[in-house]
Amino acid sequence: MRLNENDESGGNGGAVASSGGNNLLGALRPADFALLRAHLKRIDRPAGGVLYEPGDDVRHVYFPCGQTLVSFMVLLEDGRQVEITSIGREGAVGGIVSQGRLPAFSRAVVQMEGPLLRLDGVELERAKETSPPLRNLFARYADCLLAQVFQSVACNATHSIDQRTAKWLLAAYDRTGDDTLRLTQEQLAAMLAVGRPYISRVLGDMKAAGAVEPRRGRIRITDAERLRGLGCGCHAAVKRHFDEVLSGVYPRANEVAGHGMVITNGPSFRP
């Protein structure tokens, strides 16, 4: 479902008073967050909603909040699409580092519905020119995102579908803070570029191991530690890098996701 960037439906359409459940915004110093606050607008997007397509001008930056999860999907010549990485409340989607309206390379699609804070890229550039600490924070996040993509490429090339499935579920679990993921088996299969019967078999094995319980439109994680034992070390490697570069930004599974809550802006990072 293609979404119009100018469509305000489903959100309050006004400026927000806090970081709204996005850890990257919450890591800003109060004075730096004040540079962005008046230009942030909350929007709500359903699962399957496309923020932008390949070739689109990237005019806005989107900050997923609470349990919202967005995926970068690369479109292949045969019509398939493969997820390269996903972004939750620890980050941002769009022109976070680049200046101007560069065309998008991949599709950005909402995997788990929920609120996002949208910021005009022009306003972000103005704030970065005004505040070196703010510019440094987003540059550090770009490093973390690049490391996440690198790790994903290595994982896709060397690890089994079973391991990659476990890694994806664990990453979603940490980002959302919820052991019940609003995700269909068809969605998961499409992201991993395999058939639904294959994913059904993988989830069946995980259920037998006591790690997950598939439900209609949901996948519940029943034992996160057992699930970690079925996966690879790629998710842990990404988390370690976030901790080294942006301490406190990558969420832990036992943290409150802040979905639907007003969270006071309280920085945990000092450039």
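Owing to the predicted nature of the structure, the values given are computational and were not obtained by experimental measurement. (Residues numbered from 1 in each chain as written. Predicted model: local features only at pLDDT ≥ 70, side-chain atom pairs only at ≥ 80, totals over all residues. Heavy atoms only, no water.)

Q: Before we go on, may I ask you to explain the sheet that holds strand β2 (residues 50–52) in this structure?
A: Remark on secondary structure: sheet strands pair via backbone hydrogen bonds, oriented parallel or antiparallel. Taken in spatial order, the four strands make up an open sheet running β2-β7-β4-β5, and their pairing is antiparallel. On the outer flanks of this sheet lie β2 and β5 (81–87), each paired with one strand and no other. Strand-to-strand twist of the sheet, defined as the mean angle between neighbouring strand axes without regard to direction, takes the value 35°. Note that strand β4 (residues 69–75) and strand β7 (residues 107–112) share five bridges and pair antiparallel. Considered in β7, the bridge of V70 is made with V110. Those strands touched by helix α5 (residues 161–176) are β4, β5 and β7, and its axis lies near 35° from that of β5. (Pairing = 2+ DSSP bridges. Helix = DSSP H or I, 4+ residues; strand = E, 2+ residues; numbered from the N terminus. Axes fitted to C-alpha atoms, helices over the stretch in contact; angles between N-to-C directions. Contact = heavy atoms within 4.5 Å.)

Q: What am I meant to see in the sheet that holds strand β11 (residues 218–221) here?
A: Strand order in the open sheet formed by three strands is β9-β11-β10, with antiparallel pairing between adjacent strands. On the outer flanks of this sheet lie β9 (180–181) and β10 (212–215), each paired with one strand and no other. Each of β10 and β11 touches helix α7 (residues 196–208); the most contacted strand, β10, lies at about 135° to it.

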